[in-house]
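Structural overview
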Amino acid sequence: MEEGWVQESRKGRTQGGEEVKRTRTRTLRGQLLPSAGDAKTQIIVDDGLINRGYRVTGFFVWSKTGVETFTSALSFNPVTAASFMDAADNSQFAWSWKSNAGAPQEAFIDPDHVAVRDMHVTIMGASADNLFNYVVVVEEYAITNDEAILNIIKEGAQSL
């Protein structure tokens, strides 16, 4: 029974008609301290292995006090104020926000992406310069060279 569960959990999703093998789940987390309401950090996932990709399944941001409002984005490239929270920008693929102190945190993750290189967390418009936490949950996949190249092109904000 348990062996079947392990085999099932290692089965991946399909990409280009081929099954992609999921190898494990990772959690990337840290803290940011905004200055004038804004903060940015780079999450290093590029380990030099082109045949390893990461699909984000969870993106969570919250202030240490839990009451600050904010908007945040997870992207392949650093985000500027001009392009922030822009779904037309292919380098952005996850967003999280809290519109007022009494509102629940909301988030959206674009399911059609695979990160092969580094990711960036950006917080803008924080209502106070207090410490913020972030957690990014990723599924690691073994991918082919062709899939890696296509995903690197997409990371560069190119439409495919």
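See the structure printed just above.
Residues numbered from 1 in each chain as written. Predicted model: local features only at pLDDT ≥ 70, side-chain atom pairs only at ≥ 80, totals over all residues. Heavy atoms only, no water.

**A closer look at the overall build of the chain**
Secondary structure summary: the chain contains two helices and 10 strands in total. Tracing the chain from N to C terminus, the helices and strands come up as α-β-β-β-β-β-β-β-β-β-β-α. Each of the 160 residues in the chain was classed as buried or not, and the buried ones make up 39%. Sequence separation of 24 or more characterises 75% of the internal contacts of the chain that already satisfy a separation of 6 or more. Carbon together with sulfur atoms contributes 51% to the accessible area of the chain, which is approximately 8,700 Å² in total. (Helix = DSSP H or I, 4+ residues; strand = E, 2+ residues; numbered from the N terminus. Buried < 20%, exposed > 50% of the residue type's maximum accessible area, 1.4 Å probe, protein only. Contact = heavy atoms within 4.5 Å. Areas by Shrake-Rupley, 256 points an atom, 1.4 Å probe, with all protein chains shown as cover.)

**Examining the sheet that holds strand E5 (residues 52-63)**
The three strands lie next to each other as E3-E10-E5, forming an open sheet whose pairing is antiparallel. Single-partner strands in this sheet number two, and they are strand E3 (21-32) and E5. Strand-to-strand twist in this sheet, taken as the mean axis angle between neighbours without regard to direction, amounts to 15°. Looking at chain direction, E5 and strand E10 (residues 132-142) are connected through 11 bridges and run antiparallel. Its bridge partner lying in E10, Val61 is registered against Tyr134. (Pairing = 2+ DSSP bridges. Axes fitted to C-alpha atoms, helices over the stretch in contact; angles between N-to-C directions.)

**A word on the sheet that holds strand E7 (residues 92-98)**
Hydrogen bonds between backbone atoms are what pair the strands of a sheet, whose relative direction is either parallel or antiparallel. As summarised here, the arrangement of the five strands in space is E4-E9-E6-E7-E8, forming an open sheet in which the pairing is antiparallel. Unpaired on one side and paired on the other, strand E4 (39-43) and strand E8 (106-109) mark the two borders of the sheet. Taken over all neighbouring pairs, the strand axes of this sheet differ in orientation by 10° on average, direction set aside. Here four bridges tie E7 to E8, and the two strands are oriented antiparallel to one another. Across the sheet, residue Trp95 finds its bridge partner in E8, namely Phe108.

**Things to note about unusual backbone geometry**
Unlike most non-glycine residues, Ala36 shows phi in positive territory, near 55°. Assignment of secondary structure puts Ala36 in the loop between E3 and E4. The phi dihedral of Met85 falls on the positive side, at around 55°, and the residue is not glycine. Tracing the backbone through its elements, the reader meets Met85 in the loop between strand E6 (70-75) and E7.

**Some points on the pattern of salt bridges**
Tallied over the full model, the rule gives three salt bridges. For Glu140, the salt bridge goes to Arg24, with nearest N and O atoms at 3.2 Å. With Glu140 in strand E10 and Arg24 in strand E3, the pair connects residues that are 116 residues apart, well separated along the chain. For Arg24, a relative accessible area of 43% gives the class partly exposed. Taking the shortest distance from any N to any O, the salt bridge between Arg55 and Glu139 comes out at 3.4 Å. (Salt bridge = Lys/Arg side-chain N within 4 Å of Asp/Glu carboxyl O.)

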